[in-house]
Amino acid sequence: MNDVATTPGASSQNRSRRLNPGVPTPASDGTAGTPAGIAAASDTGRRRGPRSSGTGTQSTREAILAAARASFLAKGFAKTTIRGVARDAGVDPALVSYYFGTKGDLFGASMNLRIRASEEIARVVSGDIRTAGPRLVRLAMTAWDDSSGGATFRALLRWVATDDGAPEAVQTYATEQIAVPVMQALEQAGVLGPDARERATLAGSQLVGLAMIRYTYRVEPIASASVDHLVEVVGPTIQHYLTGPLLRRQATENH
């Protein structure tokens with residue numbers, strides 16, 4: 001996705017594909033031992049981070065991701081299991097774990113929520129931190145509003161309120177795909193670590209909260225508001241979190 005501040009006319013479809021890429025990107029997990037034949041690559045059977053594309057076939061990966069996506073959407077996060085996904089994909093459960101890691105990581109990979117989203121957010125925020133707030137809102141809302149590219153994300157949000165495991169998945173997404181790249185951009189702009197983390201978390205929570213109100217609870221007038229309007233009214237709040245003054249509570253209080 002291009003920097004939305006300089007290319008406001010870019011197609012929403014292209015923006016959506018980059019924030020919600022059409023081809024799932026593998027992530028990590030480690031809930032089971034490594035399958036026979038690849039134990040040498042991992043002594044413990046637990047692996048962090050995506051497997052390289054050189055191991056295994058792309059068709060096997062895609063079968064696992066398709067089975068996982070179908071299970072998460074049909075059953076929710078809590079009732080989806082590595083073993084069940086493996087059964088539906090026709091592979092050994094250890095292979096699912098070796099390629100994709102924990103269930104939370106498999107969730108992120110199968111739901112197209114990994115890698116490219118953080119890259120696009122980092123690009124937008126790094127352009128000019130002093131004006132990044134509105135651009136960040138436009139990036140997120142344009143992608144999530146898209147009729148095709150954002151459909152999976154919206155579907156996931158709909159079961160967040162009822163699935164006990166969903167908050168973990170959303171927390172992972174908000175942290176890894178929004179807060180971390182924003183924090184890194186702030187640090188590059190000279191904001192100190194703890195302060196950058198707080199600002200990034202505030203910005204991420206605002207965006208995820210806005211998504212919940214707009215797509216899950218359908219609260220008006222937010223649900224039907226245009227992207228331009230949301231950029232106008234929410235952008236300054238995100239900008240304040242990024243660069244505005246934050247009140248500090250005294251470390252000690254008089255009693």
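Attention here is on the structure that accompanies the text. Source: prediction; values computed, not measured.

**Notes on the layout of surface pockets**
The rolling of a water-molecule-sized probe over the atoms marks out the regions of remaining empty space. The calculated volume of the largest pocket comes to roughly 170 Å³. Every residue along the wall of the largest pocket is listed here: Q171, A174, T175, A179, V180, M183, R197, A200, T201, G204, S205 and V208. Secondary-structure elements contributing two or more residues to the lining of the largest pocket are α9 (166–188) and α10 (193–216). Of the residues assigned to the lining of the largest pocket, the class counts are six nonpolar, five polar and one charged.

**What to know about the pattern of salt bridges**
Under the definition given, this model contains four salt bridges. The shortest N-O distance in the salt bridge between D128 and R130 comes to 3.2 Å. Under the relative-accessibility criterion, D128 is labelled partly exposed at 25%. Judged by relative accessible area, R130 falls into the exposed class, the value being 63%.

**Brief notes about the packing of aromatic side chains**
All told, the structure shown has three aromatic pairs when counted by the stated rule. Ring centres of Y98 and Y99 lie 6.4 Å apart, and the angle between their planes is 45 degrees; on these two criteria the pair is classed as tilted. For the pair Y98 and Y99, one class covers both residues: buried. Pairing Y99 with F100 gives two aromatic rings, centres 6.3 Å apart and planes at 80 degrees, and the pair type is edge-to-face. By way of ring pairs, the aromatic residues Y98, Y99 and F100 are connected into one cluster.

**So, unusual backbone geometry**
Among all residues save glycine, negative phi is the norm, and among peptide bonds the norm is trans. The linkage connecting E220 with the following residue, P221, adopts the cis geometry, with an omega of 10 degrees. Positive phi values are uncommon outside glycine, yet R218 reaches one of about 50 degrees. Within the secondary structure, R218 sits in the loop between α10 and α11 (227–243).

**Quick look at a nonpolar patch on the surface**
Residues I213, Y217 and V219 make up a contiguous nonpolar surface patch of roughly 250 Å² in combined accessible area. With respect to the helices and strands, the residue Y217 is situated in the loop between α10 and α11. Judged by its relative accessible area of 46%, Y217 is partly exposed.

Procedures and definitions
Residues numbered from 1 in each chain as written. Predicted model: local features only at pLDDT ≥ 70, side-chain atom pairs only at ≥ 80, totals over all residues. Heavy atoms only, no water. 1 Å grid on protein atoms, 1.4 Å probe; cavity = no way out; pocket = protein on both sides within 12 Å on 5 of 7 lines; lining within 4 Å. Points joined across faces, edges and corners; volume = space filled by probe spheres on them. Helix = DSSP H or I, 4+ residues; strand = E, 2+ residues; numbered from the N terminus. Nonpolar A, V, L, I, M, F, W, Y, C, P; charged D, E, K, R; others polar. Salt bridge = Lys/Arg side-chain N within 4 Å of Asp/Glu carboxyl O. Buried < 20%, exposed > 50% of the residue type's maximum accessible area, 1.4 Å probe, protein only. Phe/Tyr/Trp six-rings, centres within 6.5 Å; stacked < 30°, edge-to-face > 60°. Patch = residues over 30% accessible without salt bridge, like charges linked within 9 Å, V, L, I, M, F, W, Y side chains within 5 Å. Areas by Shrake-Rupley, 256 points an atom, 1.4 Å probe, with all protein chains shown as cover.

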